[in-house]
Amino acid sequence: MSPLVAGFSSLLDPTVLSCIALGAVLGMLVGAFPGITATMAVALASGFTLTLDPLPGLAVLLTIYVSSNFGDRVPAILVNTPGTPASIATTFDGYAMAQQGKAGLALTSSAFASAVGTFAGLLLLMFAAIPLSRLALQFGPAEMFALVVFGLTMMIGVSGGRVVKGLMAGAFGLLLGAVGRDPITGDLRFTFGLVELSDGVPFIAAIIGLFGIAEVFDQIITHRSGSSAAPITQFGKWFPTRADWRTMLKPLAVGSGVGGVVGVVPATGGDIAGILAWDQARRISAHPEKFGKGSLEGLTAADTASNATLGGSTTTSLALGIPGDSVMAVMIGSMIVWGIQPGPSLFTRNPELVYSIAGIMIVATLLALGLSLLRMRSVAKLLDLPRHFLWTIILIFCMVGTYAVNNSIFDVGVMLLFGLVGLFMRRFSIPAGPVVLGLLLGKLAESNLRRALEIGGVSNILTSPIAVAILAVSLLALVLPALRAMRQRRRTTPATPVAE
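About the thresholds
Residues numbered from 1 in each chain as written. Predicted model: local features only at pLDDT ≥ 70, side-chain atom pairs only at ≥ 80, totals over all residues. Heavy atoms only, no water. Helix = DSSP H or I, 4+ residues; strand = E, 2+ residues; numbered from the N terminus. Buried < 20%, exposed > 50% of the residue type's maximum accessible area, 1.4 Å probe, protein only. Contact = heavy atoms within 4.5 Å. Areas by Shrake-Rupley, 256 points an atom, 1.4 Å probe, with all protein chains shown as cover. 1 Å grid on protein atoms, 1.4 Å probe; cavity = no way out; pocket = protein on both sides within 12 Å on 5 of 7 lines; lining within 4 Å. Points joined across faces, edges and corners; volume = space filled by probe spheres on them. Nonpolar A, V, L, I, M, F, W, Y, C, P; charged D, E, K, R; others polar. Patch = residues over 30% accessible without salt bridge, like charges linked within 9 Å, V, L, I, M, F, W, Y side chains within 5 Å. Salt bridge = Lys/Arg side-chain N within 4 Å of Asp/Glu carboxyl O. Core = buried A, V, L, I, M, F, W, Y, C linked by side-chain atoms within 4.5 Å. pLDDT = per-residue confidence, 0-100. Lys, Arg positive; Asp, Glu negative; His and termini not counted. Charge placed at Lys NZ, Arg CZ, Asp CG, Glu CD. Axes fitted to C-alpha atoms, helices over the stretch in contact; angles between N-to-C directions. Parallel < 35°, antiparallel > 145°, perpendicular 65-115°, else oblique. Left-handed = near helix turned anticlockwise from the far one by under 90°. Phe/Tyr/Trp six-rings, centres within 6.5 Å; stacked < 30°, edge-to-face > 60°.

## Observations concerning the overall build of the protein
Moving on, step 1. Helix and strand counts for the protein stand at 22 helices and two strands.
Moving on, step 2. Put simply, the protein has 500 residues, and 55% of those count as buried.
Moving on, step 3. The contacts of the protein with a sequence gap of at least 6 include a subset with a gap of at least 24, amounting to 80%.
Moving on, step 4. Counting only carbon and sulfur atoms, one obtains 67% of the accessible surface of the protein, whose full area is about 21500 Å².

Structural data, given as structure tokens:
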């Protein structure tokens with residue numbers, strides 16, 4: 001039986017189908033509530049799914065990942081608040097359409113655009129992942145070290161212009177990654193005599209604390225009663241006309257192309273792709289003056305691109321073992337706990353799993369599209385749910401989910417500690433993504449660097465054209481944002497008159 005047939009036939013398992021259905025509902029709800037990101041939801045769900053077999057567990061996590069990128073459009077359109085960062089560009093035209101009485105059209109068009117974008121990204125996964133993994137199989141320790149460094153610096157380089165803070169967060173993550181056993185000798189280090197740290201910092205506990213607990217703490221501190229806008233309840237017509245479809249064709253193509261390319265680059269998520277596609281669609285539109293004022297073209301391009309990144313991000317994560325975005329960082333961590341090592345070897349040892357993942361995402365997209373096309377009058381009422389109910393539920397699930405991984409109270413304490421660390425980072429605008437990358441990739445970078453040095457010293461790295469090229473690109477990822485910021489400051493700072 002071919003890997004393709006074996007991978008897709010495994011989805012016929014009733015348990016897997018039930019997990020996909022559960023993940024679709026959870027993902028839609030996660031996206032619909034502003035402030036609950038897909039990363040936070042997947043991190044929380046990881047604590048529960050690790051008790052399942054790998055495929056059903058992945059079905060839950062992947063479906064949450066997919067369907068949250070459908071549900072997050074609802075608050076973006078109805079209350080002008082992104083459900084997740086990926087729907088930032090949706091607010092540019094979606095809310096304006098809702099104010100014009102076209103909320104139903106905006107929601108339906110967004111759902112179709114999201115589905116088209118997701119399918120475009122999945123085509124990339126199915127056709128580009130294997131060639132990419134074959135290329136990566138030729139890599140030795142020097143090239144793998146350079147590749148891991150590239151993944152780390154890309155996350156830091158897109159830290160919203162906060163390069164120094166991103167470097168600080170990445171260094172902290174690398175330090176956390178050094179806790180536990182030495183990857184070469186097996187000696188214990190930085191455990192402070194705690195047996196629970198002999199296998200390293202509990203990954204699931206750390207990410208639930210950084211993304212889940214920190215988010216709840218931050219919302220509790222910053223919440224103001226009556227501060228949220230009332231959702232729009234006048235939906236108007238729901239389905240696009242033939243003229244609307246003709247209007248959407250070009251933005252669908254633009255969004256698919258931009259999202260596919262951006263998604264392959266590590267750490268560049270749907271938020272960046274959506275904004276880039278919106279701007280590109282505006283440049284080639286016959287009516288650019290309508291963008292930002294309720295343009296169906298702008299909405300379509302943004303939502304197509306932000307969803308097209310899912311396939312590219314998954315491709316990078318599975319083929320290279322480097323997280324494409326923060327959600328895939330959590331996903332890779334869960335796969336490692338299950339004993340699955342993402343990377344080039346995955347396609348030779350377990351190729352049917354790759355097709356199973358693609359199949360899960362296809363079914364999840366169809367199911368999320370079906371849920372999205374249901375008239376969402378009830379969702380507007382859900383947006384009025386008091387936040388303190390939601391905070392209580394999330395805190396309980398965070399603690400139960402963390403405890404369930406290893407049945408360890410120590411893990412719950414680690415989760416709460418990282419919640420406070422995450423809150424501190426939010427207060428000082430320090431991105432949490434580089435911490436996760438450092439914790440996840442630190443040992444991989446260290447082990448490959450030490451192997452490369454033992455084989456041929458520093459020259460083993462410097463004489464490898466591939467390693468040098470990747471390290472050069474990594475350096476540019478660090479330097480270019482700083483240079484761009486300096487140039488911007490020079491342009492905005494008025495010239496000081498010279499005293500005569």
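## Overview of the layout of surface pockets
Moving on, step 1. There is about 950 Å³ of room inside the second largest pocket.
Moving on, step 2. Taken together, 34 residues form the lining of the second largest pocket, with Asp199, Gly200, Val201, Phe203 and Lys443 sitting closest to its centre.
Moving on, step 3. For the lining of the second largest pocket, the elements supplying multiple residues, two or more each, are α9 (163–177), α10 (203–222), α14 (326–337), α18 (387–406), α19 (409–427) and α20 (433–456).
Moving on, step 4. In terms of residues, the lining of the second largest pocket owes the most to one element, α20, which gives seven residues.
Moving on, step 5. Looking at the lining of the second largest pocket residue by residue, the class counts come to 18 nonpolar, nine polar and seven charged.

## Observations concerning a nonpolar patch on the surface
Moving on, step 1. On the surface, Leu475, Leu476, Val479, Leu480, Leu483 and Met486 cluster together into a nonpolar patch covering about 500 Å² of accessible area.
Moving on, step 2. Looking at the element boundaries, Leu475 is found in helix α22 (residues 465–492).

## Here we look at the pattern of salt bridges
Moving on, step 1. If you walk through the whole model with that rule in mind, you get five salt bridges.
Moving on, step 2. Measuring nitrogen to oxygen at the nearest pair gives 2.7 Å for the salt bridge that ties Arg189 to Glu446. Highlighted residues: Arg189 in strand β2 (residues 188–189) and Glu446 in helix α20, separated in sequence by 257 residues.
Moving on, step 3. The network of salt bridges with shared partners includes Asp182, Arg189, Glu446 and Arg450.

## Describing the nonpolar core
Moving on, step 1. Judged by nonpolar contacts, the single largest core of 100 residues is most densely connected at Leu58, Val201, Ile207, Leu318, Met331 and Met361.
Moving on, step 2. Setting aside its immediate chain neighbours within four residues, Met331 contacts Val42, Leu58, Leu61, Leu62 and Tyr65.
Moving on, step 3. Ranked by size, the runner-up nonpolar core spans 15 residues in total, among them Ala103, Leu105, Leu107 and Met248.

## Details of the environment of Leu58
Moving on, step 1. When you line up the elements, Leu58 lands in helix α4 (residues 54–71).
Moving on, step 2. A relative accessible area of 0% means that Leu58 is categorised as buried.
Moving on, step 3. Note: C-alpha distance between Leu58 and Met335 (277 residues apart in sequence) is 8.1 Å.
Moving on, step 4. What Leu58 contacts, discounting residues up to four positions off in sequence, is Thr63, Met331, Met335, Trp338, Leu353 and Ile357.

## A closer look at the confidence of the model for the protein
Moving on, step 1. When pLDDT is averaged along the protein, the result is 77; 85% of the residues meet or exceed 70.
Moving on, step 2. Least confident of the elements in the protein is helix α17 (residues 377–382), whose mean pLDDT is 60; most confident is α19, at 87.

## Digging into a positive patch on the surface
Moving on, step 1. A contiguous patch of positive charge on the surface is contributed by Arg487, Arg489, Arg490 and Arg491.
Moving on, step 2. Residue position: Arg487 is located in helix α22.

## Some words on the packing of helix α3 (residues 38–49) against α4
Moving on, step 1. Running from amino to carboxyl end, α3 crosses α4 at an angle of 165°, the nearest separation of the two axes being 10 Å. With respect to their mutual orientation, α3 and α4 come out roughly antiparallel. Between α3 and α4 lies a crossing of right-handed hand. Between α3, through Ala38, Ala41, Val42, Ala45, Ser46 and Thr49, and α4, the contact on the second element is made entirely by Gly57, Val60, Leu61, Ile64, Tyr65 and Ser68.
Moving on, step 2. When its residues are assigned to classes, the contact of α3 with α4 shows eight nonpolar, four polar and no charged.

## Some words on the packing of aromatic side chains
Moving on, step 1. One pass over the structure, following the stated rule, counts three aromatic pairs.
Moving on, step 2. Judged by centre distance (5.7 Å) and plane angle (65°), the ring pair of Trp278 and Phe291 falls under edge-to-face. Of this pair, Trp278 sits in helix α12 (residues 270–284) while Phe291 is found in the loop between α12 and α13 (296–320), placing the two residues 13 residues apart along the sequence. Of the two residues, Trp278 and Phe291, neither departs from the other in class, the shared state being buried.

## Digging into the packing of α3 against α14
Two numbers describe a pair of packed helices, the interaxial angle and the distance between the axes.
Moving on, step 1. Between α3 and α14, whose axes approach to 8 Å, the crossing angle comes to 10°. Put simply, α3 runs roughly parallel to α14. Seen from above, α3 lies across α14 with left-handed handedness. Side by side, α3 and α14 meet where Ala38, Thr39, Val42, Ala43 and Ser46 of the first sit next to Ser326, Val327, Val330, Met331 and Ser334 of the second.

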